[in-house]
Amino acid sequence: MVFLVQAKIQAQKVNDFPAKSDPLHKKVAMYDKLMLGNHWNEGAIMQHVIFPPAGLDRPIVGSQADCLDPTSEMLAAYSHKYAITKDPKDRDIANKIFEAVLRLEKVTGVPGLVARSFNQTDQPLWHEEVLWYHEWHQSTSLPGYRWLGDLSADKFTSICYGVGTYWEICADEQYKKKAADLLDRFMGRIIDNNFKLTDLDGKMTLWGNFCPDLQHQELNSLIMLMGLKVTHHITGKERFNAAYHMLIDRYHYDDHQINSKILFPVEWRNVGDDYHAARSLYMLIRWEKDPNLLNKYRMNLNRHWYDWKDISFEWESTIWFVMIYQVLNQENIFNAERTQAVKDMWGFERKKREFSIPTKEGGIKKVISEEEGTAAAMIRNYWFGRYYGIIDEKW
């Protein structure tokens, strides 16, 4: 049985949107307020927020499988911002976002096991079964919380990139230690499980295969080398350096990763995979000192550039690929078109949508509500560009 619920559309805390004609710095500032006001979940940044009546008065209803992505993007954004402003308020926000990453580990009850997302709730919420990704658990370590499992390679990338950037340019000594300890536990658990992401049940997750004894994507070879390099750089523990070189010397991950970019056929190119590769190459190329390995990582970067040099800018992170290439190659490749693409960066439109919500009686009710996507990548792009002198603060 289907019921239609007509209710007044309600927004949450922040409702002011920029105009597309506004200067870039104003658009970023307004989207930043929208993200911190409407998407803030105890420091974690929700990728998708559904407002009442379908949602709640807290930003915890919506698809959440990718929440580690905007969380890591905002962590990197505020790290770059703090490196520029030296404003303690910016560092404090970065610290709180990082604390949310720690909570994503704590909520699972298993050291080194990180959740995709968490919600403070005693009961399952309707989106858990209706929207994408269903592996929700009741927390035993944080009573009154539920968390989403089945971590994947892209979230692995988000953790290493976001925490690594935060450790590098923002965290004080106390938080550097917390970041190092987190990565020690996280990466140590993966090594203990033969380079596989494993879930609460000890089984490999759906997209958690970095294992040298199992066939896996070349992209996952790149991502794992990045994670080990970042963790060794931050912790200083030889265990991670030894694992890094073992995967290279015995299993040739350094050769495999070169082909992580699929160029042909053209329809197989995947901008999402490019995003994981861009973050991985950004960390690897800056922190690797071996010239032979650097040459191989640059070969990978150049394969990506073959596509990126002609890429369109509909997706929020494609202009960031151009920034990444410029930073890593130390070559000014910004022309009028690319500069305009930076100035035109946009976050999201608030939309009205009808949701199908299961009732306790076994029926379905239709609810009309407003929803928001995420602008975290846009905000990260801006402060990354400011940090590296690509974006003028007057734009």
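One can find the structure itself at the top, above this paragraph.
What you are looking at is a predicted structure, and each value in this text was computed from that prediction instead of being measured. (Residues numbered from 1 in each chain as written. Predicted model: local features only at pLDDT ≥ 70, side-chain atom pairs only at ≥ 80, totals over all residues. Heavy atoms only, no water.)

What to know about the overall build of the protein chain
Put simply, the test is: Only runs of H or I of at least four residues qualify as helices and only runs of E of at least two qualify as strands under DSSP, and these elements are numbered from the N terminus. As a reference, a globule follows 2.2 Å times the number of residues to the power 0.38, and the radius of gyration itself is taken over C-alpha atoms. Using a 1.4 Å probe on the protein chains alone, a residue whose accessible area is under 20% of its type maximum counts as buried, one over 50% counts as exposed, and one in between counts as partly exposed. Contacts were defined at the residue level, with two residues in contact if any of their heavy atoms lie within 4.5 Å. Surface accessibility follows the Shrake-Rupley procedure with a 1.4 Å probe radius. Residue values consider only the protein chains on display as shielding.
Along the protein chain, the regular secondary structure elements total 14 helices and 11 strands. For 395 residues, the compact-globule estimate of 2.2 N^0.38 gives 21 Å, and the protein chain sits close to it at 21 Å. Considered along the principal axes of its C-alpha atoms, the protein chain spans approximately 65 × 50 × 50 Å. Here the protein chain holds 395 residues, and 59% of them are scored as buried. Partitioning the contacts of the protein chain with sequence separation of at least 6, the portion at a separation of at least 24 is 69%. Summed over its atoms, the accessible surface of the protein chain is roughly 16,900 Å², and 50% of this surface lies on carbon and sulfur atoms.

A closer look at the packing of helix 12 (residues 318-329) against helix 14 (residues 376-387)
Heads up, the condition is: Angles run from 0 to 180 degrees between N-to-C directions of axes, and those axes are lines fitted to C-alpha atoms, restricted for helices to the stretch in contact. Working definition: roughly parallel below 35 degrees, roughly antiparallel above 145 degrees, roughly perpendicular at 65 to 115 degrees, and oblique for all remaining angles. We call a crossing left-handed when the near helix sits turned anticlockwise from the far one by less than a right angle, and right-handed when that turn is clockwise.
One can describe the packing of helix 12 onto helix 14 by two numbers: an axis separation of 10 Å at closest approach and a directional angle of 25°. In terms of orientation, helix 12 lies roughly parallel with respect to helix 14. You can see that helix 12 and helix 14 cross each other, and the crossing is left-handed. Contact residues: Ile 319, Trp 320, Met 323, Ile 324 and Val 327 in helix 12; Arg 380, Asn 381, Phe 384 and Gly 385 in helix 14.

Points about the pattern of salt bridges
Applicable threshold: When a carboxyl oxygen of Asp or Glu lies within 4 Å of a side-chain nitrogen of Lys or Arg, that pair is called a salt bridge.
Taken as a whole and assessed by the stated rule, the structure comprises 26 salt bridges. Its salt-bridge partner being Glu 105, residue Arg 185 comes within 2.7 Å of it at the nearest N-O pair. In this pair, Arg 185 sits in helix 6 (residues 173-192) while Glu 105 sits in helix 3 (residues 88-106), placing the two residues 80 residues apart along the sequence. Where salt bridges share partners, they join Asp 66, Asp 69, Asp 154 and Lys 155 into one cluster.

So, the sheet that holds strand 6 (residues 136-138)
For clarity, the threshold we go by: For two strands to pair, DSSP has to find at least two bridges joining them.
Pairing in this open sheet of three strands is antiparallel, and the strands run 5-7-6 from one edge to the other. Across the chains shown, the open sheet's two edge strands, defined by having one partner strand only, are strand 5 (117-120) and strand 6. Here the average twist between neighbouring strands, direction ignored, is 25°. Bridging between strand 5 and strand 7 (residues 145-148) involves four bridges; their strand directions are antiparallel. Its bridge partner being in strand 7, Asn 119 is matched across the sheet by Arg 146.

So, the packing of aromatic side chains
Worth spelling out the cut-off: Working definition: rings of Phe, Tyr and Trp (its six-membered ring) pair if their centres are within 6.5 Å, and the pair is stacked with planes under 30 degrees apart, edge-to-face with planes over 60 apart, and tilted otherwise.
In total, this model carries 26 aromatic pairs according to the counting rule given. Between Phe 118 and Tyr 145 the ring centres are 6.0 Å apart and the planes differ by 70°, which places this aromatic pair in the edge-to-face class. With Phe 118 in strand 5 and Tyr 145 in strand 7, this pair connects stretches of sequence that are 27 residues apart. There is no split in this pair, since Phe 118 and Tyr 145 are both buried.

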